[in-house]
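Given next are the chains, with one letter for each unit.
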Amino acid sequence: QFQERNGLKVNGSFDKETIAQLNIPLKNRIKQILVNMERSRWLPVTLNTDYLAVNIPEFKLHVYHADSLLWSCKVVVGQTVHPTTVFYGEVKYVVFRPYWNVPPGILRNEVLPAMKKNPNYISNHHMEITGYSNGLPIVRQKPGPANALGLVKFVFPNRYNIYLHDTPSKSLFGESSRAFSHGCIRVGEPAKLARFLLK
């Protein structure tokens, strides 16, 4: 239970990570609780309807009706260098078989260098250039099973350009620490979430 609650691999043994968590001083845990209490003030306090809550450090999505937990599933969140931002938004759209519009940062840091190394990078990754802006190509990945967003995305418009989505990289949900994305939230059970939102 301790390992699960602390986001560790649940193996029942006193490995290095478990011992490190057990040795965190109580005053540090109290500071952690105070920080999380402050974060909770940023979010709506009373919700009497259905809502989703992503617990970023737990790597879990929780689905609620009022104060009752209906179900939970695993998620993949942002890496330390690309953290998932804490904020509140309202789900407005469910998009099936989405295009992935490659964000400028990923385009500059990953796609353009890969295109220089391999002239077939765009076609090999089922992408297309749809235009140019400020001297950079506008790149999007075509819908399909290889699409970085998987087969469905859940859009809640926000200034951080973060959304929930499926993923073709299902093996990442087997990891105990699931911080692998560029900030968006990959959902372990996207079909179940789509059914819930569209019911």
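On a predicted model such as this, the values are computed, not experimentally measured, just so you know.

What counts, and at which threshold
- Residues numbered from 1 in each chain as written.
- Predicted model: local features only at pLDDT ≥ 70, side-chain atom pairs only at ≥ 80, totals over all residues.
- Heavy atoms only, no water.
- Pairing = 2+ DSSP bridges.
- Helix = DSSP H or I, 4+ residues; strand = E, 2+ residues; numbered from the N terminus.
- Contact = heavy atoms within 4.5 Å.
- Axes fitted to C-alpha atoms, helices over the stretch in contact; angles between N-to-C directions.
- Patch = residues over 30% accessible without salt bridge, like charges linked within 9 Å, V, L, I, M, F, W, Y side chains within 5 Å.
- Areas by Shrake-Rupley, 256 points an atom, 1.4 Å probe, with all protein chains shown as cover.
- Salt bridge = Lys/Arg side-chain N within 4 Å of Asp/Glu carboxyl O.
- Buried < 20%, exposed > 50% of the residue type's maximum accessible area, 1.4 Å probe, protein only.
- Polar contact = N/O pair within 3.5 Å; in protein donor to acceptor, adjacent residues only side chain to side chain.

**Student:** Help me understand the sheet that holds strand β6 (residues 127–133), please; the structure alone is not making it clear to me.
**Tutor:** Strands in a sheet are paired, the pairing made by backbone hydrogen bonds, and the direction either parallel or antiparallel. Strand order across the open sheet formed by 3 strands is β5-β7-β6, with antiparallel pairing between neighbours. Strand pairing shows two members of the sheet lacking a second neighbour, β5 (100–101) and β6, which therefore form its edges. In terms of strand pairing, β6 meets strand β7 (residues 136–141) through 6 bridges, oriented antiparallel. Following the sheet pairing, G131 is matched in β7 by I138. Across the sheet, helix α4 (residues 104–117) touches β5, β6 and β7, and the angle it forms with β7 is around 90°.

**Student:** What am I meant to see in a nonpolar patch on the surface here?
**Tutor:** On the surface, L26, I30, I33, L34 and M37 cluster together into a nonpolar patch covering about 530 Å² of accessible area. Note on placement: I33 falls in helix α3 (residues 26–41).

**Student:** Can you walk me through the side chain of N147 in this structure?
**Tutor:** In this structure, N147 sits in the loop between β7 and β8 (152–155). Looking at N147, the relative accessible area reads 1%, which means it is buried. A distance of 2.6 Å separates a polar atom in the side chain of N147 from the backbone nitrogen of L149. Excluding its chain neighbours within four sequence positions, the residues that come into contact with N147 are P98, Y99, W100, Q141, K142 and P168.

Just geometry here; none of it tells us what the structure is for.
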